[in-house]
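Below, each chain spelled out in residue letters.
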Amino acid sequence: MLAYTLIEKKQQGKALTKDEIRFLVKGFLKKEIPAYQMSAFLMAVYFKGMDADEISAYIDVILHSGKRVRFTDKSAYYVDKHSTGGVGDKISLILAPLAMASGRVRVPMISGRGLGHSGGTLDKLESIPGFRTDLSLLEFRKQTDAIGCALIGQTADLCPADKELYALRDVTATVRSIPLICGSILSKKIAEGIQGLVLDVKTGNGAFIPEYAESRELASKLKYFGEAYGLSVRPVLTDMNQPLGEKIGNWLEVEESLDVLKGGGPADVRELSLVLTTQMLSLADPGSAAEQIRQDLETILDKGAAFEAFLRIAKTQGADIRYLENPERYRPAKHIMQVKAGREGTIAAIDTYQLGLDAIALGAGRTAMTDKIDPRAGLIVHKHLGDAVRKGELLVTLHSAKMKAIESLAAVIGQRFTVSGEFTSKPPIVYEIL
Ligand code: URA
C-alpha cells in the first residue's frame, strides 16, 4: 500500500477500507508516513467526508492504537462529558468536580489541548502550577476509584493516534470535519472505560461546525457511533455565538471556574455546568427526576463542596493548591490593556471564532505544533449579546507577554463586536437535548 494512492483515492471521494485506514493511521503513528502526507489525507477527508463504515473503522483504529481502561467496580457508574470545542469553554473544570462531589458517579476524564481557535481543558489544567495530567493508566484508574475523578490527556498508552492526529489537525485547518471529530472524541471516550457520555455539541459562529443542521448531524452521528460501542450517549446542543463567560485563556479560565465552583461566577457558565452535570447524573440514574438532581447540584455548588472536590483532584495530581485557594497569588500577564467601545448601542453580534484566534495571537494557543503556550495570556470580554454599551465603556481587556500582539489587537478587536441601535435578544444557552 502507498500513502500517495490512498490520499488520491480519498481526494476522488472514494471510500477507504479499514485496512487502508489502519495503514495510514498506524504508519503516521510509527513515523513511516510523514506529517505532510497525513495532512493531505486529513484535508481530503475534510473535503470529501467518510461514509459510516469508514467512520466506524477510523474510530476503531484510533481506539486500538492504545490500551483501553477497564474499571472493575460494578457498583459504580462511570460517566464523562466532552465538548466539541468552543471559546471560553471551561465547563469541564466545573462539571467534573461537581459530579464527583455529588457522590453518585465517577468521572474518568481524558481531555485534549487547544484545537484550532478553541481552548483545551488540558492546557487549562496545566496552567495550574504542578498539576500533572500525564498520570499512568494505573494511576488514572486508581485515582478515579479512590476519589471519584481523574483528569488526564491522551497518552502514549491511551489513544496515542488521537494525540498525534489532534496536534496535526490543530495546525492544518482540518478540525471542522464531522468524521474526524467523531474519530477523535469517541476513540478517547470509549478508551476511558465509561458507561455514559454527555456531549456538549456547540453550534454558532464560535463552534467548529457553525450551522445548526450540521451541528445536529454531528450530534446524532456521535450518538449513533457511541451507542454502537455500548455507551449511553446524550448529546446537548448548546450556543456558541458568543464566548462562554467572560474569560478566554488558560489561567484566566481557571480563575473564572473557581468563581463558579464557589457558587458565583458568570450566570451562563453556571447554568451550562448545571445542565450538563444533571444530564450525567440522570444517565447514571434514569429513575431520578432531573429537577431534583439539579437542585442537589445547586446546593453542592453553593456550599462550596464542588470547590473542595476540585482542590482534592488538584492536590492528588500534584498541584500547588495555594494558587487555587488564593488565585491572586498567580502572577498576572506582563502586559494588560483595556479596550473601550467606540460607539453606543446594543451588542448585536460577536465574532466568537475570531476572538478565539485573538486569544491565540496573545499567546494562549498554538499556531505551530512546537509552540509553547503562555498560561497567563488571553482576554476578558466585558460585553455580551444584548448588552447595552456606551461610548468609552470597557469592552475587552487584553493579557499577554507580547506588547506588539496587544497593540495590534487593541486597534482591531472592537470590530469583533457589532453594535447596533436596536435591542437584540440573547440566544438560549441550550437549544436541544437529543
Ligand atoms: N474535541 C476533540 O477531542 N476532538 C475534536 O476533533 C474536536 C473536539
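Placed above this text is the structure.
Residues numbered from 1 in each chain as written. Predicted model: local features only at pLDDT ≥ 70, side-chain atom pairs only at ≥ 80, totals over all residues. Heavy atoms only, no water.

J.: Which residues make up the sheet that holds strand 11 (residues 394-400), and what are the values?
T.: What links the strands of a sheet is backbone hydrogen bonding, and the strands pair in either a parallel or an antiparallel sense. Spatially, the 4 strands line up as an open sheet ordered 6-9-11-7, and their pairing is antiparallel. For this open sheet the edge positions go to strand 6 (247-248) and strand 7 (335-340), each flanked by a neighbour on one side alone. As defined by bridge partners, strand 7 adjoins strand 11 across 6 bridges and the pair is classed as antiparallel. The partner of Gln 338 across the bridge, within strand 11, is Thr 397. Strands strand 6, strand 9 (378-381) and strand 11 of the sheet are contacted by helix 16 (residues 352-364), whose axis makes an angle of about 140° with strand 9. (Pairing = 2+ DSSP bridges. Helix = DSSP H or I, 4+ residues; strand = E, 2+ residues; numbered from the N terminus. Contact = heavy atoms within 4.5 Å. Axes fitted to C-alpha atoms, helices over the stretch in contact; angles between N-to-C directions.)

J.: Please set out helix 2 (residues 18-29) residue by residue, giving values where relevant.
T.: The end-to-end C-alpha separation of helix 2 is 16 Å, in line with the 16 Å expected for 12 residues at 1.5 Å each. Taken residue by residue, helix 2 has Glu 20, Ile 21, Leu 24, Val 25, Gly 27 and Phe 28 as its buried positions. Projected down its long axis, helix 2 carries its buried residues within an arc of 165°, all on one side. Lys 31 lies just past helix 2 and shows a positive phi near 65°. (Expected span 1.5 Å × (residues − 1). Buried < 20%, exposed > 50% of the residue type's maximum accessible area, 1.4 Å probe, protein only. Arc of directions from axis to C-beta.)

J.: Pulling in residues and values, what's your account of the pairing of strand 12 (residues 417-420)?
T.: Residues Phe 417 and Val 419 of strand 12 are buried on one face, while the alternating residues Thr 418 and Ser 420, pointing to the opposite face, are not. Where strand 8 (residues 345-350) and strand 12 come together, 4 bridges link them in antiparallel fashion. In the strand pairing of strand 12, Ile 347 is matched with Val 419.

J.: Explain the packing of helix 16 against helix 17 (residues 403-412) to me, and be specific about the residues and the numbers.
T.: Between helix 16 and helix 17, whose axes approach to 9 Å, the crossing angle comes to 155°. When the axes of helix 16 and helix 17 are compared, the pair comes out roughly antiparallel. Between helix 16 and helix 17, the contacting residues are Asp 358, Ala 361 and Leu 362 on the first element and Ala 405, Ile 406 and Leu 409 on the second. When grouped by side-chain class, the residues that make up the contact of helix 16 with helix 17 number 5 nonpolar, no polar and 1 charged. (Parallel < 35°, antiparallel > 145°, perpendicular 65-115°, else oblique. Nonpolar A, V, L, I, M, F, W, Y, C, P; charged D, E, K, R; others polar.)

J.: Lay out the packing of aromatic side chains with the relevant residues and their values.
T.: Each aromatic ring pair is characterised by the separation of its centres together with the angle its planes make. With the rule as written, the count across this model stands at 6 aromatic pairs. With a centroid separation of 5.5 Å and 70° between ring planes, the pair formed by Tyr 212 and Tyr 431 is classed as edge-to-face. Taken together, the positions of Tyr 212 in helix 10 (residues 212-228) and Tyr 431 in strand 13 (residues 430-433) put the pair 219 residues apart, joining distant regions of the chain. By relative accessible area, which is 31% here, Tyr 212 ends up partly exposed. Relative accessible area serves as the criterion here: at 32%, Tyr 431 is assigned to the partly exposed category. With a centroid separation of 5.0 Å and an interplanar angle of 85°, the aromatic rings of Tyr 224 and Phe 225 are classed as edge-to-face. On the basis of relative accessible area, Tyr 224 is assigned to the exposed category, the value being 53%. Among the aromatic side chains, those forming a connected cluster through ring pairs are Trp 251, Tyr 323 and Tyr 330. Over the ring of Tyr 353 we find Arg 176, and its NZ or CZ is 5.0 Å from the ring centre. (Phe/Tyr/Trp six-rings, centres within 6.5 Å; stacked < 30°, edge-to-face > 60°. Lys NZ or Arg CZ within 6 Å of the ring centre and 35° of its normal.)

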